[in-house]
Amino acid sequence: MLRLCPIASGSSGNCTYIEAANTRILVDVGISGKKVVAGLEEIDVDPASINGILMTHEHSDHIKGIGIFSRKYNVPIYATEKAWDKLLGDNMIGKIHEDNIRILEKGSYLSIGNLNILPYEIYHDAVDPVGYVFEYETKKITLATDIGKIDERILEYLRGADGILLEFNHDIRMLEAGSYPFPLKKRILSDVGHLNNDVAAKALVEVYHPGLKWAILGHLSKDNNLPDLAFLTAQQALEEKQVKVGEDIELFVAKRDEVSKWFEA
């Protein structure tokens, strides 16, 4: 069984737990070490049993507790070589044991225990950001947040998945009318920023197939989105294509500051 549980998801911190058989993985630790431990214990996962941490990119809402967790539980961290150069060169996560510095390559599968994992290139204003595809037996889950824009290449990683965690960062109207300074608004709206609700919903419709059991709407902005608005945007886009939410697919908005629920592929 391949399953996932968001521990935290949003512009203030991200951490996702994934397991297959006896393999247990975290994607990012952008919350405090204390908080991720509490989240894992809430879903009956021993923090000491984690086999690896996969990093998407080096922004603080994805790495805040990654060094602390790695040191405390002796857990390997996987990131690209360029990302490691940034992390270590700028001393962003403290000292990491040499054995726990693991290099991954975009576009090349790696295996951790029972999981086959494909890191893929995404569009974001970080050093060398990646999304992830997880495969176990015949099941597939794709994580796609902080991806800037959706193109055919990104859609291919989403197609055929049994479950998706997809970025629904902001509502364009809320962002434009909000208090963020213009340079920050420009960055968020750019092709290396964050996905808005409308673009994400359109992508979800494009990759929908009868085997797609669920989609988690993740990485919502605290200031420029609302959970109900993200959900409604996705629901309307799907139902315009005669895909019934609650029957053909389950939609769920990941919680920002608390553990969400289990999703099984």
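Residues numbered from 1 in each chain as written. Predicted model: local features only at pLDDT ≥ 70, side-chain atom pairs only at ≥ 80, totals over all residues. Heavy atoms only, no water.

- Per an unreviewed UniProt entry, the protein chain goes by MBL fold metallo-hydrolase and derives from Candidatus Cellulosilyticum pullistercoris.

1. Details of the sheet that holds strand 4 (residues 52–54)
Adjacent strands of a sheet pair through backbone hydrogen bonds, lying either parallel or antiparallel.
Thinking step 1. With respect to topology, seven strands assemble into an open sheet ordered 6-5-4-3-2-1-14, the strand pairing being mixed. Taken across any chain shown, the strands that pair with only one partner, and hence form the sheet edges, are strand 6 (101–104) and strand 14 (263–264).
Thinking step 2. Pairing between strand 2 (residues 15–20) and strand 3 (residues 23–27): five bridges, direction antiparallel. Counterpart to E19 in the pairing with strand 3 is R24. (Pairing = 2+ DSSP bridges. Helix = DSSP H or I, 4+ residues; strand = E, 2+ residues; numbered from the N terminus.)

2. A look at the pairing of strand 2
Thinking step 1. With six of six residues buried, strand 2 lies mostly within the body of the structure.
Thinking step 2. The turn joining strand 1 (residues 2–8) and strand 2, which pair antiparallel and follow one another in sequence, is formed by six residues. (Buried < 20%, exposed > 50% of the residue type's maximum accessible area, 1.4 Å probe, protein only.)

3. Some remarks on the nonpolar core
Thinking step 1. Counting 34 residues, the largest nonpolar core has L158, L166, F168, L204, L238 and L251 as the members making the most contacts within it.
Thinking step 2. Listing elements by their share of this core, those giving two or more residues are strand 8 (115–121), helix 5 (152–158), strand 11 (163–167), helix 8 (197–207), strand 12 (214–218), helix 9 (227–240) and strand 13 (250–253).
Thinking step 3. Tallying contributions element by element places helix 8 first for this core, with six residues.
Thinking step 4. Sequence-distant contacts of L238, defined by excluding residues within four places in its chain, comprise L204, V205, Y208, V243, V245, I249 and L251.
Thinking step 5. If you look at the next biggest cluster of nonpolar residues, it comprises 29 residues, including A8, Y17, I53 and I63. (Core = buried A, V, L, I, M, F, W, Y, C linked by side-chain atoms within 4.5 Å. Contact = heavy atoms within 4.5 Å.)

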